[in-house]
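# Structural overview
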Amino acid sequence: MLRKFVLVALFAMFLVPAAASAQFDEGDWEVLIAGSGTSADDFDSSSLSVGFSVGYFFNDNLEAGVRQTVSFSDNDAGSDFAGTTTGFLDYHFDLDEWQPFVGAFIGYAYGDAVDEDGVYGPEAGVKYFVNSTTFVAFTLQYVVGFDSDSEEFFNYQLAVGWRQ
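What you are looking at is a predicted structure, and each value in this text was computed from that prediction instead of being measured.

Criteria and cut-off values
- Within each chain, residues carry numbers counting from 1 in the order of the written sequence.
- Where local features are concerned, this predicted model is filtered to residues with pLDDT of at least 70; where side-chain atom pairs are given and counted, the filter is 80 or more; whole-chain, interface and lining totals use all residues.
- Only heavy atoms go into the side-chain values, all of them from the structure, while hydrogens and water stay out.
- The helix and strand labels rest on DSSP assignments: H or I over at least four residues marks a helix, E over at least two residues marks a strand, and numbering proceeds from the N terminus.
- Throughout this description, buried means an accessible area under 20% of the type-specific maximum (1.4 Å probe, protein chains only), exposed means over 50%, and partly exposed covers the range between.
- Pairs of residues are marked as contacts when any of their non-hydrogen atoms sit within 4.5 Å.
- Only the protein chains shown count as cover for residues, and the accessible areas themselves come from Shrake-Rupley with a 1.4 Å probe.
- As a per-residue measure, pLDDT tells how confident the predictor is, with possible values from 0 to 100.
- The criterion for strand pairing is that DSSP finds at least two bridges linking the strands in question.
- Comment: axis = line fitted to C-alpha atoms, over the contacting stretch for helices; angle = value between 0 and 180 degrees taken between N-to-C directions.
- A carboxyl oxygen of Asp or Glu within 4 Å of a side-chain nitrogen of Lys or Arg is what we treat as a salt bridge.
- In summary, the pairing rule links any two rings of Phe, Tyr or Trp, Trp by its six-membered ring, whose centres are within 6.5 Å, and it sorts them by plane angle into stacked for under 30 degrees, edge-to-face for over 60 and tilted for everything else.
- Criterion for a charge above a ring: Lys NZ or Arg CZ within 6 Å of the ring centre, and within 35 degrees of the ring normal.
- What qualifies as a polar contact is a pair of N or O atoms within 3.5 Å, subject to a donor-acceptor requirement within protein and to the restriction that residues adjacent in sequence count only when both atoms come from side chains.
- For the purposes of this section, nonpolar cores are sets of buried Ala, Val, Leu, Ile, Met, Phe, Trp, Tyr and Cys residues that join through side-chain atoms within 4.5 Å.

The number of helices and strands found in the chain is one helix and eight strands. Written out in order from the N terminus, the α and β elements of the chain read α-β-β-β-β-β-β-β-β. A total of 164 residues make up the chain; the buried ones form 29% of that total. Across the chain, every contact between residues at least 6 apart in sequence was considered, and the portion connecting residues at least 24 apart equals 49%. Accessible surface, the chain as shown: approximately 10,000 Å² in total, 63% of it carbon and sulfur.

In structure tokens, the structure reads:
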């Protein structure tokens, strides 16, 4: 009986207060950062990628912002750089610590490893607050190029973010 009481008390102390205040409000800023990398087992071929995003909430649900991604790869064929800069507009559904969202983005892709072109498309994802200011975010984008010869593809990102 005491064990159940302790578990319920811990749940109430740590999870419920975080969930109660884990949502976006009008005027909030958000910052996200993501990174990844791969290397061959002998490290003669590597690639690194970093993403950064900043957004502003015009009300409790509507966010606009800018994303920047940069990637670098180095292998036997040489090294390549690629980047994407996009603006986005997302609508968040307030489910306490879960914040699913849908929206759209538009921007430009550039660098050695890509055909330089404007890009746009829909996006969706979810943010999960681990406390009142910190969250983990997953975003899925369907990327379409302005040039009719551009390939369409999915882009996804797992990031950590902070509400300011």
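The pLDDT averaged across the chain works out to 87; a share of 87% of its residues lies at or above 70. Segment residues 12–20: pLDDT under 50, and six contacts once partners within four positions in sequence are set aside and those in other chains are kept.

Turning our eyes to something else, we now look at the sheet that holds strand β4 (residues 78–92). Ordered in space as β1-β2-β3-β4-β5-β6-β7-β8, the eight strands form a closed barrel in which the pairing is antiparallel. Taking each pair of neighbouring strands and ignoring which way they run, the sheet shows an average axis angle of 25°. Inspection of the sheet shows strand β1 (residues 29–39) paired to strand β2 (residues 46–57) by 11 bridges, in the antiparallel sense. What sits directly across from T38, in β2, is S47.

This next bit is on the pattern of salt bridges. Where charged atoms of side chains with opposite charge meet at close range, the side chains can pair. Applying the stated criterion across every chain yields a total of six salt bridges. Across the salt bridge formed by R163 and D28, the nearest N and O atoms sit 3.6 Å from each other. Here R163 is found in strand β8 (residues 153–163), whereas its partner D28 is found in the loop between α1 (2–20) and β1, with 135 residues between them in sequence. Grouping residues by exposure puts R163 and D28 together as buried. What you see here is one network of salt bridges that share partners, running through D25, D28 and R163.

Using the criterion set out here, one finds 12 aromatic pairs in the structure. Here the aromatic residues F24, F57, F129 and F135 are joined through ring pairs into a cluster of three or more. For R67, the ring lying beneath its charged end belongs to F88, and the centroid distance is 4.0 Å. Directly above the aromatic system of F101 lies the positively charged group of K127, at a separation of 5.0 Å from the ring centroid.

Time to look at the side chain of R67. Considering the arrangement of structural elements, one finds R67 in strand β3 (residues 62–75). Residue classification places R67 among the buried residues on the basis of a relative accessible area of 11%. Among the polar contacts listed, one links the side chain of R67 to the side chain of E123, at a separation of 2.8 Å. Excluding its chain neighbours within four sequence positions, the residues that come into contact with R67 are F52, S53, T84, T85, T86, F88, D90, E123, T139 and Q141.

With nine residues, the main nonpolar core is built from A22, F24, L32, A34, F57, F129, F135, A137 and A159. Of all the elements in the fold, those that place two or more residues in this core are β1 and β7 (134–145). Among all residues touching F24, those that are not within four sequence positions of it are E30, F57, D60, H92, Q99, K127, F129, F135 and R163. One finds F88, F105, A109 and V143 within the second-largest nonpolar core, a separate group that totals five residues.

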